[in-house]
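Examining the three-dimensional arrangement
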Amino acid sequence: MADTGRGTAGVVLAAGEGARFAGPVHKLRAEFRGRPLVRWAVDAALEAELAAVYVVLGAEDLSDLLPSDVTIVMNHDWDRGQAWSLQAGVRTAEIDGHAAVVVGVADQPMVAAEAWQRVAAAPGSIVTAVYGSRRRPPVKLDSTVWPLLPLDGDEGARQLMRRHPEMVREVSCPGDPTDIDTLDDFRRRNRA
C-alpha cells in the first residue's frame, strides 16, 4: 500500500456490541447493498492507500469477513467503550511505528475512500472530516495527541476535539456520514 501521509495508518473501529440494532445477526455482519456492513468502511480505508489498515474487533469476531491485507486488533475489553477501542488501535499503530492514524467507524457505509484520503493528506495534529457543517469521522490524529486521548467511555476523538478546539482542522468531504445504529436505519439506507 502507498503511504499518503508520512506513516499514516487507518484504524476502523468495529468492536462494539451493536445492541440497538436488534437484527437477526450482528449489525456489522448484515448484508448492506451486496456486502457485509463492516466491509464498506474497511474497503474505503484500504482504497485510501494508507500505510496500513487496522480493524479493531471486540464484541463480535468479524475476522472471517475481512480481507487478508488488514491487521486485526482484538479489544477484549470492548465494553469499556469506544475510547478503549481507539486506544487499542492507536497503541498498535504506535508499536508499528506510524506517525498518525486516520480513524473511522465501521457503521458508516457511505463514507468513501476520498474522505479518508483528504483527512490523511491535510496538515494538522487533529483533522476531522466535515460533511456540510457536521464534523464526523474519519478523523486524523497525529502521534503528538495520542497521550491526550481518553481511556474510557463512548467518545474518543470527539472528546479530544471538544477539549482542544484550537488544535482541530476541518476538511470538507463528500459522502454521507450517517451511522447505521438500528434495524430501521439499516432498512432505510439499504433501499436508498
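Description of the structure in this document. Since the structure is predicted, the reported quantities are computational estimates derived from the model, not experimental observations.

1. With respect to the sheet that holds strand S7 (residues 126-131)
On the basis of which strands lie adjacent, the open sheet formed by seven strands has the order S5-S4-S1-S6-S8-S7-S9 and mixed pairing. What marks the edges here is a single partner per strand, and that holds for strand S5 (71-74) and strand S9 (168-172). Taken pair by pair, the neighbouring strands of this sheet meet at an average axis angle of 30°, ignoring direction. As defined by bridge partners, S7 adjoins S9 across five bridges and the pair is classed as parallel. If you follow Val130 over to S9, its bridge partner there is Ser172. In the packing of helix H1 (residues 37-47) onto the sheet, contacts are made with strand S1 (8-14), strand S4 (53-57) and strand S6 (100-105), and the angle to S1 comes to roughly 180°. Contacts from helix H3 (residues 113-121) reach S1, S6, S7, strand S8 (134-142) and S9 within the one sheet, and its direction differs from that of S8 by about 50°.

2. Things to note about the nonpolar core
Ranked by size, the top nonpolar core spans 39 residues in total, and within it Val12, Ala14, Val38, Val42, Val55 and Trp116 carry the most contacts. When residues of this core are traced back to their parent elements, those giving at least two are S1, H1, S4, H3, S7 and helix H5 (183-191). Broken down by element, this core gets its largest block of residues, eight residues, from H1. Beyond its immediate stretch of four places on either side in the chain, Val38 contacts Ala14, Leu28, Leu62, Leu65, Leu66 and Ala106. If you look at the next biggest cluster of nonpolar residues, it comprises 25 residues, including Ala9, Leu86, Val105 and Ile126.

3. Quick notes on the pairing of S4
Across the five residues of S4, five count as buried, placing the element largely inside the fold. Across the two faces of S4 the burial is the same, with Val53, Val55 and Leu57 and Tyr54 and Val56 all buried. Bridge count for S1 against S4 is five bridges, and the pairing is parallel. Across the sheet, the residue bridging to Leu13 is Val56, located in S4. Relative to S5, S4 runs parallel, the two sharing four bridges. Along S5, the bridge assignment pairs Val55 with Ile72.

What counts and what doesn't
- Residues numbered from 1 in each chain as written.
- Predicted model: local features only at pLDDT ≥ 70, side-chain atom pairs only at ≥ 80, totals over all residues.
- Heavy atoms only, no water.
- Pairing = 2+ DSSP bridges.
- Helix = DSSP H or I, 4+ residues; strand = E, 2+ residues; numbered from the N terminus.
- Axes fitted to C-alpha atoms, helices over the stretch in contact; angles between N-to-C directions.
- Contact = heavy atoms within 4.5 Å.
- Core = buried A, V, L, I, M, F, W, Y, C linked by side-chain atoms within 4.5 Å.
- Buried < 20%, exposed > 50% of the residue type's maximum accessible area, 1.4 Å probe, protein only.

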